[in-house]
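Here's the letter readout for the chains.
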Amino acid sequence: MEPLPTTARTARSATTTGVTLRPAAGAAGAPGGSGFRVVGAVLVLLMLSSSVPSALYVLYQQEWGLSSGMITVVFALYAVTVLAGLLLFGSLSDTLGRRPVLAAGLVLAIVAMGLFASAQGLGLLLAARAVQGLAVGLATGAMGAALLELAPSARPALGAQVNSAGPTVGIGLGGIGAGLLVQYAPAPTVLTYLLLVGAFAGCLIGVARMAESAPGRAGGGRFALAPHRIHIPAPVRGRFAVLILTIVAVWSVGGFYLSLGPHLALSLLQSTNYLVGGATVALLAGAATAAQLLLGRTEALRTAVLGLLGLLGGLALVLLALGLGSAPVFLAATAVLGAGWGAAFLGSFRALSALAEPAHRGELTAAVYVFAYLAMSVPAVLAGLLTNVHGLHRTAVGFMATVAGVCALALLATLRLAARNRAEGGAA
């Protein structure tokens with residue numbers, strides 16, 4: 001991406017979604033187009049840091065005697081505080097600007113990493129997760145909107161692609177990286193987070209140097225705390241409801257794997273190697289990223305349909321693996337499930353991004369993630385509580401069967417939406 005002038009950027013049409021994105025006058029990329037890369041790095045790093053505790057949960061359980069139910073509460077606290085950040089600050093970057101909101105999110109992320117590194121028990125672990133969730137919630141709307149606004153004019157769909165692929169890349173890197181550190185590095189519950197402090201500090205410098213991209217906010221804006229701004233325009237609510245079903249299915253699976261997936265993998269594989277837990281998360285996210293790269297130029301709704309079919313196939317294989325107690329089948333199922341997860345999220349996010357008008361892009365992006373984090377947290381907590389009563393395997397079977405039902409409903413609704421779009425002459 002070439003350096004952008006300080007005048008209005010050229011309007012560009014996102015052909016894969018059918019939406020025209022019109023960045024603000026005065027929005028300019030940082031030298032060498034680094035603004036887009038910086039925001040993409042922030043997204044990956046925040047998601048990476050969010051998955052790091054997943055690889056450490058088994059270690060925390062052993063050292064502090066935590067139950068599976070308590071682990072899911074720790075995980076859910078993160079999701080709840082993400083939601084709080086989205087609801088309170090989801091549209092803040094539309095009024096204050098992307099840069100200051102991203103900078104504030106990074107500062108909170110650094111504080112969270114310090115709390116994680118200092119944790120010697122449940123109290124600070126909960127505090128760290130809460131601050132981390134607030135950091136992600138604060139930054140999410142700004143990141144999503146900035147990526148759409150700063151995408152290269154020659155590749156207008158790249159913003160939506162990074163929005164959907166960034167979380168899976170980050171989650172995968174966090175899982176495998178933390179797994180390696182836990183198994184082979186000294187003091188992994190401290191070293192892991194100190195490394196992240198340095199990475200976040202580097203991103204903060206990059207954000208300080210990038211140019212503002214929010215419409216009409218090149219010189220900054222007025223602080224406005226407006227929780228009511230998470231709003232879906234009436235004309236698009238029907239399409240939003242259909243597409244959000246896929247988001248719910250995708251992140252229900254993600255929440256389960258990020259909270260209980262490593263424990264389930266260690267149980268099925270009968271392993272004590274902590275890298276196995278992180279590798280399971282990485283396998284899910286890696287397959288998701290591969291699917292997103294493969295389907296990057298496929299029409300949005302078609303990608304969502306393919307992803308939902310992959311989710312259904314992966315869930316069926318997970319159920320088979322649990323029934324057989326087979327580790328190889330479970331790993332294959334995780335890969336298939338991950339591919340479906342990535343494709344479904346990519347397709348649905350691209351279709352949802354087509355519903356946003358530039359001045360309200362932060363609002364709609366935040367609304368999408370409100371549903372995503374609800375789907376990630378509530379089922380995971382229920383699964384954790386049920387695990388204490390029925391055991392991990394029986395709970396996993398019930399959870400996967402329920403999510404399969406949601407996927408089937410989302411598939412039918414998406415097929416109907418695609419058919420209606422074709423009838424109206426739109427893209428499917």
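Above this note sits the structure.
Predicted model only: the values in this text are computed from it and were never measured.

Enquirer: Looking at this structure, I do not really get the pattern of salt bridges. What am I missing?
Expert: Pairing between side chains becomes possible if they bear opposite charge and their charged atoms approach one another. Tallying each qualifying case throughout the model produces two salt bridges. In this structure, the salt-bridge partner of Arg98 is Glu149, at a minimum N-O distance of 2.5 Å. With a gap of 51 residues between them, Arg98 in helix 4 (residues 98-118) and Glu149 in helix 5 (residues 122-150) connect regions that are remote in the sequence. The buried category is assigned to Arg98, whose relative accessible area is 0%. In this structure Glu149 comes out as buried when scored by relative accessible area, which is 0%.

Enquirer: Just to check I follow, could you spell out helix 5 for this structure?
Expert: Three or four residues apart is the spacing at which side chains of an α-helix point the same way, because the helix has 3.6 residues per turn. Given a rise of 1.5 Å per residue, 29 residues ought to cover 42 Å, and the 40 Å separating the end C-alpha atoms of helix 5 matches this to within 8%. Along helix 5, the sharpest kink reaches roughly 35°, centred on Ala139. Counting buried positions along helix 5 yields 21 of 29 residues, so the element is predominantly enclosed.

Enquirer: I tried to follow a nonpolar patch on the surface on my own but got confused; where do I start?
Expert: Nonpolar side chains collect at one region of the surface, where Leu374, Val378 and Leu382 lie side by side and expose about 250 Å² of accessible area between them. Among the secondary structure elements, Val378 is positioned in helix 13 (residues 361-390).

Enquirer: Sorry if this is basic, but what is going on with the packing of aromatic side chains here?
Expert: Between two aromatic rings, the relevant description is the distance of the centres plus the angle of the planes. One pass over the full model with this rule turns up seven aromatic pairs. Aromatic side chains Tyr60 and Trp64 sit 4.7 Å apart centroid to centroid with 20° between the ring planes, which places their arrangement in the stacked category. You can see Tyr60 and its partner Trp64 sitting in helix 1 (residues 34-64), four residues apart, about one turn around the helix. Classification of Tyr60 by relative accessible area gives buried; the value is 1%. Members of the aromatic cluster, each reached through a chain of ring pairs, are Trp251, Trp341, Phe345 and Phe349. Across the ring face of Tyr78, the terminal group of Arg129 is positioned such that the distance to the ring centre comes to 4.4 Å.

Enquirer: Would you mind going over unusual backbone geometry with me for this structure?
Expert: A negative phi holds for most residues other than glycine; trans holds for most peptide bonds. Phi at Ala187 is positive, roughly 45°, even though this residue is not glycine. Along the polypeptide, Ala187 turns up in the loop between helix 6 (158-184) and helix 7 (188-209).

Enquirer: Would you mind showing me how to read helix 7 here?
Expert: For helix 7, with 22 residues, the first-to-last C-alpha span of 32 Å sits near the 32 Å given by 1.5 Å per residue. Among all positions in helix 7, only Pro188, Thr189, Thr192, Tyr193, Leu196, Phe200, Cys203, Gly206 and Val207 are buried. Each buried residue of helix 7 lies within a common arc of 120° when the element is viewed along its axis, so the set occupies one face. Set apart from the buried face of helix 7 by more than 90 degrees, the exposed residues are Ile205, Ala208 and Arg209. Of the surrounding secondary structure, the elements contacted by the buried residues of helix 7 are helix 1, helix 4 and helix 6.

Enquirer: Can you walk me through the environment of Tyr78 in this structure?
Expert: On the secondary structure map, Tyr78 appears in helix 2 (residues 68-89). The class of Tyr78 is buried, set by a relative accessible area of 2%. In this structure Tyr78 touches Met47, Ser50, Arg129, Gln132, Gly133, Val136 and Tyr373, once residues within four positions along its chain are discounted.

Analysis parameters
Residues numbered from 1 in each chain as written. Predicted model: local features only at pLDDT ≥ 70, side-chain atom pairs only at ≥ 80, totals over all residues. Heavy atoms only, no water. Salt bridge = Lys/Arg side-chain N within 4 Å of Asp/Glu carboxyl O. Helix = DSSP H or I, 4+ residues; strand = E, 2+ residues; numbered from the N terminus. Buried < 20%, exposed > 50% of the residue type's maximum accessible area, 1.4 Å probe, protein only. Expected span 1.5 Å × (residues − 1). Bend = angle between axes of the 7 residues up to and from the residue. Patch = residues over 30% accessible without salt bridge, like charges linked within 9 Å, V, L, I, M, F, W, Y side chains within 5 Å. Areas by Shrake-Rupley, 256 points an atom, 1.4 Å probe, with all protein chains shown as cover. Phe/Tyr/Trp six-rings, centres within 6.5 Å; stacked < 30°, edge-to-face > 60°. Lys NZ or Arg CZ within 6 Å of the ring centre and 35° of its normal. Arc of directions from axis to C-beta. Contact = heavy atoms within 4.5 Å.

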